[in-house]
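Chain by chain, the residues run as shown.
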Amino acid sequence: MTRSTLLDRVRQPEYTGENRCVPCTVVNVLIAAATSLVLGIVWVPLGLVSFVVFAGVIYTRGYLVPGTPTLTKRYLPDRVLRWFDKEPTPRDEVGVGGDAMFDTGDETIELDVEAVLQGARALEQCEDVDDLCLTDDFETAWTREIQRTDDAVVRRRLAAMLGIDADRISLADRGRWFVANVGGTYVGRWESHGALVADVAADTVLEDRIDDWDALANDHRSALARGIRVYLDQCPDCGGAVQFNQETAESCCRSWDVLVTRCDDCGSRLFEVDLSTVEEAPA
Ligand SMILES: [Zn+2]
């Protein structure tokens, strides 16, 4: 057996490389150091050799103590784990798909999303229940636009928002998120390819329906597209029906409750919001 195949057999890609859980690694290095220190008191070379072995195990397998990822998820405070979470966070955000609508920090968007969408005749009071519904007219235009929105259209529209050439934008599936990159930097993330298509199509339809469109920042356009995406009832990826569910989201280090809309047929995640941000928001 060659060295590389042996390495491949012990390596756990789900806990190493891009997926390495930093809190797990830190906790395990501390445990390894303490254990080696004790062994080193017994016999110095033993301490040194054991530390090299422990470090090798942590490097190739992501952790030393069995069950560490589960244990850190359970016992380390969520606040700590969040610091290490490697969910893609857009830097030079293009807007579409950001969490602008629910930001509570300094960048709170002072845009009444529902009021603007009603003003644009995209949403109206439902006939049967006390809630908002898509207008027939908007739904028809949006559906038609979704059908003609392929990746070339998506790239062109994102590029226009950022003021760059469309060929500088690359689109990629990164597990939980579908992302747009410019030169290695995330500029936007969406729940799925379908969510991105829905947003770009909504952005196009809304442009004709909002008077001072040019005054809207990318963050505002993002919030409007996300705001309307909650009402999507047909999957842009496969045409299936869309369901609202409560789910548990998981990253390498933590798990948390989310509200999700998901396609019945292909499973595409079309909208997700952290349940705690919804509950904290004023009613
Ligand atoms: Zn689908």
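Residues numbered from 1 in each chain as written. Predicted model: local features only at pLDDT ≥ 70, side-chain atom pairs only at ≥ 80, totals over all residues. Heavy atoms only, no water.

Engineer: I'd like a rundown of the state of the cysteines, residues and numbers included.
Structural biologist: One pass over the structure, following the stated rule, counts one disulfide. Covalent S-S linkage joins Cys126 and Cys133, the inter-sulfur distance amounting to 2.0 Å. Torsion about the S-S bond of the Cys126 and Cys133 cystine: about 105°, corresponding to right-handed handedness. On the basis of relative accessibility, which here comes to 10%, the residue Cys126 falls in the buried class. (Disulfide = S-S within 2.5 Å. Buried < 20%, exposed > 50% of the residue type's maximum accessible area, 1.4 Å probe, protein only.)

Engineer: Break down the pattern of salt bridges for me, citing the residues and quoting the values.
Structural biologist: Evaluated as defined, the whole model comprises eleven salt bridges. Glu145 is the salt-bridge partner of Arg148, the closest N and O atoms lying 2.3 Å from each other. Taken together, the residues Arg148 and Glu145, both in helix 7 (residues 136–148) and three residues apart, mark about one turn of the helix. A relative accessible area of 12% places Glu145 in the buried class. (Salt bridge = Lys/Arg side-chain N within 4 Å of Asp/Glu carboxyl O. Helix = DSSP H or I, 4+ residues; strand = E, 2+ residues; numbered from the N terminus.)

Engineer: For the coordination of the zinc ion, give the residues involved together with the corresponding values.
Structural biologist: Only Cys235 (SG), Cys238 (SG), Cys263 (SG) and Cys266 (SG) from the protein reach the zinc ion as donors, at distances of 2.1 to 2.2 Å. Between the four donor atoms coordinating the zinc ion, the angles at the centre fall across 101 to 118°, so the site counts as tetrahedral. With a relative accessible area of 40%, Cys266 lands in the partly exposed category. (Donors = N, O, S within 2.8 Å, 3.2 Å for Na, K, Ca; no water. Tetrahedral: all angles 85-135°; square planar, octahedral: opposite > 155°, others 65-115°.)

Engineer: How would you explain the nonpolar core if you had to name every residue and give the values?
Structural biologist: Judged by nonpolar contacts, the single largest core of 42 residues is most densely connected at Trp142, Leu206 and Ile228. Beyond its immediate stretch of four places on either side in the chain, Ile228 contacts Leu117, Ala122, Leu123, Leu134, Phe138, Trp142 and Ala202. (Core = buried A, V, L, I, M, F, W, Y, C linked by side-chain atoms within 4.5 Å. Contact = heavy atoms within 4.5 Å.)

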